[in-house]
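# Examination of the molecular architecture
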Amino acid sequence: MSSVQQAKRERRVEQKQQRGRWDTLTDWARTQAGVLLVPIARVMGRLGIHPNTITILGLLLQAGGGVMFGLGYVRLGGWVLLIVAPIDALDGALARALGNQSRFGAFLDSTLDRLSDAALILGLTVHHLRQGAHLEVGLLLTALVAAMMVSYTRARAEALGFPCKVGLLTRMERIILIGVLSGVGLPTVMVWALAVLSVFTVGQRILYVYGVSRREEERSRQE
């Protein structure tokens, strides 16, 4: 076994020891939701529904929430977002039920997730622009860039062989934060939390990958 393979193996063991069975809160939530999602996915599979169709439907529904935000229906948009959010996990459950998992499906899901995020945040930005809330607009644009960077840091790190699922505000948490705080009528709190926690998560992932890379370098030198 090469030193690189050994390092990757040790890294996987270390991750399991640190985080237990699940890598992220999202993984845990999907496991728990599987009790409901799997039977639904099996029925959809028998109806001939393709996982990519669900992925596209999820984008359209969440983009609809973004339109509601932009039109000023912030509280209603928040509740609608919480209702349609579970569809985000249904495409994966359907693909597994059909044995139809593919690299393109994973690529499409990730890509459309970014578009959904953009639609929601831009909808909120339009609303605050109409209100003349320039500070909130700046915070939302910061959150938009940071949300894209949260995704990019993971994709780039994993392309280089580093694990990078860590993070306080990954996509599921971001959707819940937007939906709940908008739904209960706390849009300003939501905007600040979204911007600050998104930027924090980017820094968290950068520091995590830095730490993993340093440990690998130290192991390589010792060998």
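Only a predicted model underlies this, so the values are computations on that prediction, with no experimental measurement involved.

### Examining helix α6 (residues 103-131)
- Taking 1.5 Å of rise per residue, the 29 residues of α6 would be expected to cover 42 Å, and the 43 Å separating its terminal C-alpha atoms lies within 8% of that figure.
- Looking one or two places after α6, you find Gly-132, whose phi comes out positive at around 75°.

### As for the confidence of the model for the chain
- Put simply, the chain has an average pLDDT of 84, and 83% of its residues get 70 or more.
- In the model of the chain, helix α1 (residues 3-19) stands out as the element of lowest mean pLDDT, 47, in contrast to helix α7 (residues 134-159), which has the highest, 95.
- Contacts for the low-pLDDT stretch residues 1-7, under 50 throughout, to residues beyond four places or in other chains number five contacts.
- Low confidence marks residues 13-21, where pLDDT is under 50. Its contacts with residues over four positions away, or in another chain, come to seven contacts.

### Here we look at the side chain of Asp-113
- Its place among the elements puts Asp-113 in helix α6.
- For Asp-113, a relative accessible area of 10% corresponds to the buried category.
- In contact with Asp-113, not counting residues within four places along its chain, are Asp-88 and Arg-171.

### Describing the nonpolar core
- Residues Leu-124, Leu-177, Ile-178, Met-190 and Leu-194 are the most contacted members of the largest nonpolar core, which totals 23 residues.
- For this core, the secondary structure elements donating two or more residues are α4 (74-84), α6, α7, α8 (171-183) and α9 (187-222).
- Every residue in contact with Met-190, bar those within four places of it in the chain, is listed here: Leu-124, Leu-177, Ile-178, Leu-181 and Ser-182.

### A look at the environment of Leu-94
- Structurally, Leu-94 can be placed in helix α5 (residues 87-98).
- Leu-94 sits in the buried class, given a relative accessible area of 0%.
- Among all residues touching Leu-94, those that are not within four sequence positions of it are Ala-41, Met-44, Gly-45, Ile-49, His-50, Pro-51 and Ile-54.

### Re the packing of helix α3 (residues 51-70) against α6
- Contact geometry for α3 and α6: axes closest at 7 Å, N-to-C directions at 5°. Taken together, the axes of α3 and α6 lie roughly parallel to each other.
- Class assignment for the residues of the contact of α3 with α6 results in 12 nonpolar, 11 polar and two charged.

### A few points about the pattern of salt bridges
- Counting across every chain of the model gives six salt bridges.
- The salt bridge involving Arg-174 is made with Asp-117; its shortest N-O contact spans 2.9 Å. Of the two residues, Arg-174 is situated in helix α8 and Asp-117 in helix α6; the sequence distance between them amounts to 57 residues.
- The class for Arg-174 is buried, based on a relative accessible area of 2%.
- For Asp-117, a relative accessible area of 2% translates into the label buried.
- In this structure, Arg-214 and Glu-217 form a salt bridge, with 4.0 Å as the shortest nitrogen-oxygen distance. Residue Arg-214 and its partner Glu-217 are both found in helix α9; the two are separated by three residues, about one turn of the helix.
- Residue Arg-214 is classed as partly exposed on the basis of its relative accessible area of 34%.
- According to the relative accessible area criterion, Glu-217 is partly exposed, its value standing at 41%.

### Re the packing of α6 against α7
- Relative to each other, α6 and α7 sit at 175°, their axes nearing to 9 Å. Comparing the axis directions of α6 and α7 gives the class roughly antiparallel. Along the contact surface, α6 presents Arg-114, Asp-117, Ala-118, Ile-121, Leu-122, Leu-124, Thr-125, His-128 and Leu-129, while α7 presents Glu-136, Val-137, Leu-140, Leu-141, Ala-143, Leu-144, Ala-147, Met-148 and Ser-151.
- Per-class residue counts for the contact of α6 with α7 are 12 nonpolar, three polar and three charged.

### As for a nonpolar patch on the surface
- A cluster of nonpolar side chains, contributed by Trp-79, Ile-176, Val-180, Val-184, Leu-186 and Val-189, occupies part of the molecular surface with about 500 Å² of accessible area.
- With respect to the helices, strands and loops of the structure, Ile-176 is situated in helix α8.

### Notes on the side chain of Ser-182
- Within the secondary structure layout, Ser-182 lies in helix α8.
- Take Ser-182: its relative accessible area is 0%, and that puts it in the buried class.
- Residue contacts for Ser-182: discarding those within four places in its chain leaves Phe-69, Val-74, Arg-75, Gly-78, Leu-177 and Met-190.

Basis of the calculations
- Residues numbered from 1 in each chain as written.
- Predicted model: local features only at pLDDT ≥ 70, side-chain atom pairs only at ≥ 80, totals over all residues.
- Heavy atoms only, no water.
- Helix = DSSP H or I, 4+ residues; strand = E, 2+ residues; numbered from the N terminus.
- Expected span 1.5 Å × (residues − 1).
- pLDDT = per-residue confidence, 0-100.
- Contact = heavy atoms within 4.5 Å.
- Buried < 20%, exposed > 50% of the residue type's maximum accessible area, 1.4 Å probe, protein only.
- Core = buried A, V, L, I, M, F, W, Y, C linked by side-chain atoms within 4.5 Å.
- Axes fitted to C-alpha atoms, helices over the stretch in contact; angles between N-to-C directions.
- Parallel < 35°, antiparallel > 145°, perpendicular 65-115°, else oblique.
- Nonpolar A, V, L, I, M, F, W, Y, C, P; charged D, E, K, R; others polar.
- Salt bridge = Lys/Arg side-chain N within 4 Å of Asp/Glu carboxyl O.
- Patch = residues over 30% accessible without salt bridge, like charges linked within 9 Å, V, L, I, M, F, W, Y side chains within 5 Å.
- Areas by Shrake-Rupley, 256 points an atom, 1.4 Å probe, with all protein chains shown as cover.

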